[in-house]
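One letter stands for each residue in the lines below.
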Amino acid sequence: MISGILASLMLAAATTGSDCADALDRLLDRLAAADAGELTFVEHRHSELLTEPQRASGTLRREEGGRLVREIVKPTRQTQVLTESHVEIRRSDGSQRRFSLRRAPELATLRRALHGLLSGQAEVLREDFVPSLDSAEGDGPWQLTLEPRAPELAERVERLVVDGSGARITRFEMHLRDGEIIRTEIDPQK
Amino acid sequence: MNAWLRVVLLAMLIAATGWLAVRHLEIDHRIDRFLPTPASPQQALVADQVGSGPGSRLILAGLEGAETSTLATLSHQLVERWREIDGVAQVENGSDFDLDRLEPLFVARFLLVDGIADRLEPESVSDSLNERRADLALAGRQVESLIRRDPLGLLPELAESATGGRAPARFDGAWFDAGGQRALLLVRTSLPPFDIAGQQQLLDELRGQAEEALTEHAVDLKLAGTPVIAVDSARQSRRDAVRLSALAGGFLLLVLLLAWRSVLLVAAGSLPLLAGVVSGLLVTALAFGQVHALTLAFGFTLLGVAMDYPLHLFGHSREHSMRSAARTIRTPLLLGALSTLIAYLAVWQSASPGLSQLGAFSSAGLAAAAAVTLLVLPHLKLDVPGKPHPMPRILPRLPWLPGLLALVAAGVLWWPGQPGISDELTRLTPVDPQLVADDAALRQSLGADDLGWLLVVREPELEATLQAVESAVTDLESAAGQGLIEGWQAVTELVPSRARQQQRRQQWPGPGHMRELLTQGNSEFRADAFDPFLADLAALDSLEPIEPGFWQSTPLAARVESLLTQREDGWRALILTAGVDDPAALDQWLREHGSPAQLVNLRETSESMVADYRREVGLSLAIAAMLIMALLGFRLGGIRPMAEVILPVAAAILCTAAVMARLDQGLSIVHLIGLLLAGGVGLDFALFGRRLSNTRLQAGLTRRTLAFCTLSSGGVFLILGLSEIGLLRMLGQTVAIGILLSLLFAWMSQPREPDH
């Protein structure tokens, strides 16, 4: 009898687990279906040097080959192209800088996370992160926490928390190990 | 056995004397000590640059064979490792600067940058601060401290000019070539370029460290630059010299065994040469305190003539006792030795320390060899086995033929339009063309300095020199606009003139005003964000003017030292150029604009130095020739006997000169030395040929002896002539041909023997 109860408890737990996994897949499916081609964002970052937190605003979009392009409009015009291996920065005066993503773990984390999220590839997310999803079904709000697996990323980035509602991402917060938090608001209206 | 004992004892005695003399002797490897004394400031500059110029201390490195980000990481690792090596003054790979290393730049930056007024324009300040904002947004806390200290971004600019490279691209803060396939690094050594052994060791260590760093990667490291080429050249020369010396030594032994059929005689016959070497070393040590490596090398060859003396002695000893043979050959041998001695003494008088040593070494050596042959060997109670083998006449008697050929040779040499003389240095040593190509490729990618020319500014006082350099730089800036030059390195980038420093000092506002400017530029920064920068600015007032000594214990010390030197008559500053395709056009531009900078073409100047050298040696030898003729005329009793002896030798020398001038496109100083040696041997031949042919037997013995002399000495030099090293090849071929012709002409001029 007891073993039977235990067995059904375990089964229930297992089912809930796979429910969780399924929930992530469903969420990603919803996001992919909504296919926000371009996201408008405002990024807040605090610095000791600044009177107010920095606000950088612009647009984010995904390109083929796993590239993520951030077009910054304020404070200066800059295009940042994040590829699998490097970052390319094009300034308004035409100058360019290139360096490998190994030197900017936050950007690497961002790229992988958004790539996975926007393309609806749950396996990619699971490969790179330990996901945990707090969600409701349907159009309700949800929160996805991603902890990077790769040690060189985990060294700098503690976790990335993505908040959304229904099929939209509304904001994400990157928590760095040194205590800094980078907040990005996603604005659906341009 | 007794004879053996005597010979061995004697050899040991001579060797012991030698060892005692040489124990404390230093061997000098400095090439510049062998060069002629410079006759003009340009030549002094070249001698200096060869000795210790900045171009000759630069090693260029390239890494390829992996993807770009891996190469960049490896490049940074190599920089760390290489900086630890002894003998490395500076390693650069374009890396984002290491603040500790560049602390002096932080302190001095206000006095080093120009265009200060423009930088302080509100728009400009605003732009800089926005850039800093963007950096902050991207890199976060990591760059905060740097931004605090350098809101205007002065450091990246200065760091760029401090490294001395202008690579086209950067990835992950490392220099790359245009294609992004090869990571580039620059290494500056503190070793003088003539310290070949030290450079070799340094290169080995660079490669060793690289191997350790690159073990898991299939990455290729390429090293290029003057030290690499010099070391490779020296290695090849050494290898070649050793190989050929062994070959020549073995050949010589064989010939001597063939001539004398006795090992004992070969041992005894080496005594004069041994005595010659020891004596040469002794005298050189006494007169100069040290011996140059090249003196030793050439000295051994010049003593080749000393091998002939025992050949003569033993050759005429079959018939009579050795003592009686010694008496017979005494006159021609002494005359020949004395004449050659006069020529070597003339070389001793040379103004170049190296040549002078050579003369001393050879004179002492020759005298000792002759003395031992005549005075010591006959008393060793040696027996020459076998019957005398006189050699029949092979060539008909044609005493006029050498004279005719001499005239033809003279014609060839002095025919207008034919290259009679050549002063190119590049033919003297072996240089691997691959290394030269590598150097060109890396040098261009790195935008590193041209090697063939420099700009020089000379003034009696330091301040005047620095101001003149700054004026020259202004001229170069306009020249660059004309496409005459791409880049340059001037000492005023690190040590501006006082006048300019003062000017810049005044252009910077006080901290209070600066603070306002910054706040107006960008109000997003906190009021106290740039306090470290403002503190630096406040310290400017109490900052001492920058002197050359400011950079002393920094990695940039070598740069400053090589570009600015104090001489007895004032100061000399160099400006290194990059990307000059037409030096003559640049020179003309500078002349037209009355620039204080002078373009020195290193190659041309070095060639003129060698030409002067050659002329000087030629003159000394011409005087020696006349003295020799006088001596012979006196001893042989008249002009005619003297002419009969001199003619075959002079003819041999002229014909050899003509042949070598055609073969090598012009005679160089090496050929002159070869002709000197061949002349010495030829004179011996002529003297013996004419004076020791009184009977048929004697004439036959003389012919045979001369033949063996030719075989031994000529053979040895022929082997040397097979070398890949231009120097050795020229010398070997010249002497071999000279000796052969001397033999033939001596045979042709042998007087008719009285028939018995």
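Because the structure is a prediction, the values reported are computed rather than measured.

Things to note about the overall build of chain B
Across its full length, chain B holds 29 helices and 13 strands. Sorting the 756 residues of chain B into buried and exposed places 55% on the buried side. Considering only residue pairs separated by 6 or more positions, chain B has 83% of its internal contacts joining residues 24 or more positions apart. If you sum the accessible surface of chain B, you get close to 32,100 Å²; carbon and sulfur atoms cover 59% of it. Within chain B, the 79 negative side-chain charges are centred at a point lying 17 Å from the centre of the 60 positive side-chain charges.

Focus on the overall build of chain A
A tally of helices and strands in chain A yields 4 helices and 11 strands. Going through the 190 residues of chain A one by one, you find that 46% of them count as buried. Put simply, 33% of the contacts in chain A that link residues at least 6 apart link residues at least 24 apart. For chain A, the exposed area adds up to about 9,800 Å²; of that, 50% sits on carbon and sulfur atoms.

Concerning the interface of chain B and chain A
Every contact between the two is made by 28 residues of chain B and, on the other side, 28 residues of chain A. Interface area, chain B with chain A, both sides summed: about 2,500 Å², of which 47% is carbon and sulfur. In this assembly, chain B and chain A are joined by 1 salt bridge. In this structure, Arg91 of chain A engages Glu131 of chain B in a salt bridge whose closest nitrogen and oxygen atoms are separated by 2.7 Å. Every element with two or more residues in the side of chain B that touches chain A is listed here: helix 3 (68–83), helix 6 (122–139), helix 7 (144–149) and strand 4 (169–171) of chain B.

Focus: the packing of helix 15 (residues 322–348) of chain B against helix 27 (residues 669–691) of chain B
Residue and element names in this part refer to chain B. Here helix 15 crosses helix 27 at 160°, and the two axes come no closer than 9 Å. With respect to each other, helix 15 and helix 27 are oriented roughly antiparallel. The crossing of helix 15 and helix 27 is right-handed. Across the interface between the two elements, Ile329, Pro332, Leu333, Leu335, Gly336, Ala337, Ser339, Thr340, Ala343, Tyr344 and Val347 from helix 15 touch Leu676, Leu677, Gly680, Leu683, Asp684, Leu687 and Phe688 from helix 27. Grouping the amino acids of the contact of helix 15 with helix 27 by side-chain chemistry returns 13 nonpolar, 4 polar and 1 charged.

Digging into a nonpolar patch on the surface
On the surface, a nonpolar cluster with roughly 430 Å² of combined accessible area is contributed by Trp4, Val8, Met12, Leu257 and Val263 of chain B. Structurally, the position occupied by Trp4 of chain B is in helix 1 (residues 2–22).

Some remarks on the environment of Leu296 of chain B
All names here are of chain B. Position of Leu296 relative to the elements: it lies in helix 13 (residues 293–302). Overall, Leu296 belongs to the buried group, its relative accessible area being 18%. Separated by 61 residues in sequence, Leu296 and Gln357 have C-alpha atoms that sit 9.4 Å apart. With sequence-adjacent residues up to four places away left out, Leu296 is seen in contact with Ile27, Leu281, Val291 and Phe361.

Digging into the packing of aromatic side chains
Residue and element names in this part refer to chain B. Here the structure, examined in full by the defined rule, presents 5 aromatic pairs over all chains. Site record: aromatic cluster; members linked through ring pairs are Phe110, Trp508 and Phe533. In this arrangement the basic side chain of Arg149 is found over the ring face of Phe106, its NZ or CZ atom lying 4.1 Å from the centre.

Comments concerning the sheet that holds strand 3 (residues 67–74) of chain A
The sheet built from 11 strands is open, its strands ordered 6-5-4-3-2-1-11-10-9-8-7 (chain A) with antiparallel pairing. At either margin of the open sheet sits one strand with a lone partner, and together these are strand 6 (96–100) and strand 7 (129–134) of chain A. When the angles between neighbouring strand axes are averaged without regard to direction, this sheet yields 20°. Pairing of strand 1 (residues 38–45) of chain A with strand 2 (residues 54–63) of chain A, which is carried by 8 bridges, proceeds in the antiparallel orientation. Opposite Leu39 of chain A, over in strand 2 of chain A, you have Leu60 of chain A as the bridge partner. The sheet strands contacting helix 6 of chain B are strand 1, strand 2, strand 4 (78–82), strand 5 (86–91) and strand 6 of chain A, and the helix crosses strand 1 of chain A at an angle near 100°.

Considering unusual backbone geometry
Positive phi, close to 55°, is recorded for Arg261 of chain B, a residue that is not glycine. A relative accessible area of 52% places Arg261 of chain B in the exposed class.

Considerations on the pairing of strand 4 of chain A
All names here are of chain A. Buried residues dominate strand 4, accounting for 5 of its 5 residues. Pairing analysis gives 5 bridges linking strand 3 to strand 4, with the strands arranged antiparallel. Bridge pairing links Arg70 to Gln80 in strand 4. Two elements, strand 4 and strand 5, share 5 bridges in a ladder whose sense is antiparallel. Considered in strand 5, the bridge of Gln78 is made with Arg91.

Looking at the nonpolar core
Residue and element names in this part refer to chain B. Formed by 92 residues in total, the largest nonpolar core has its most connected members in Trp260, Leu313, Phe314, Leu382, Leu632, Leu683 and Phe685. A total of 13 residues in this core trace back to one element, the largest contributor, which is helix 15. Formed by 76 residues, the second largest nonpolar core is a distinct cluster that contains Leu154, Val491, Leu564 and Ala573.

Topic: helix 3 of chain B
Spanning 16 residues, helix 3 of chain B covers 23 Å between terminal C-alpha atoms, matching the ideal 22 Å at 1.5 Å per step. Turning to helix 3 of chain B, its buried residues number three or more, namely Ser69, Thr70, Leu71, Ala72, Leu74, Ser75, Leu78, Val79 and Trp82 of chain B.

Points about the confidence of the model for chain B
Per-residue confidence for chain B gives a mean pLDDT of 83, with 93% of residues at or over 70. Across the predicted assembly, pTM comes out at 0.70 and ipTM at 0.70.

Re the side chain of Thr656 of chain B
Residue and element names in this part refer to chain B. Structurally, Thr656 can be placed in helix 26 (residues 639–663). For Thr656, a relative accessible area of 0% gives the class buried. Once residues within four sequence positions are removed from consideration, Thr656 is found in contact with Leu675, Thr734, Ile737, Gly738 and Leu741.

Thresholds applied
- Residues numbered from 1 in each chain as written.
- Chains lettered and ligands numbered in written order.
- Predicted model: local features only at pLDDT ≥ 70, side-chain atom pairs only at ≥ 80, totals over all residues.
- Heavy atoms only, no water.
- Helix = DSSP H or I, 4+ residues; strand = E, 2+ residues; numbered from the N terminus.
- Buried < 20%, exposed > 50% of the residue type's maximum accessible area, 1.4 Å probe, protein only.
- Contact = heavy atoms within 4.5 Å.
- Areas by Shrake-Rupley, 256 points an atom, 1.4 Å probe, with all protein chains shown as cover.
- Lys, Arg positive; Asp, Glu negative; His and termini not counted.
- Charge placed at Lys NZ, Arg CZ, Asp CG, Glu CD.
- Buried area = accessible area lost by both parts, 1.4 Å probe.
- Salt bridge = Lys/Arg side-chain N within 4 Å of Asp/Glu carboxyl O.
- Axes fitted to C-alpha atoms, helices over the stretch in contact; angles between N-to-C directions.
- Parallel < 35°, antiparallel > 145°, perpendicular 65-115°, else oblique.
- Left-handed = near helix turned anticlockwise from the far one by under 90°.
- Nonpolar A, V, L, I, M, F, W, Y, C, P; charged D, E, K, R; others polar.
- Patch = residues over 30% accessible without salt bridge, like charges linked within 9 Å, V, L, I, M, F, W, Y side chains within 5 Å.
- Phe/Tyr/Trp six-rings, centres within 6.5 Å; stacked < 30°, edge-to-face > 60°.
- Lys NZ or Arg CZ within 6 Å of the ring centre and 35° of its normal.
- Pairing = 2+ DSSP bridges.
- Core = buried A, V, L, I, M, F, W, Y, C linked by side-chain atoms within 4.5 Å.
- Expected span 1.5 Å × (residues − 1).
- pLDDT = per-residue confidence, 0-100.

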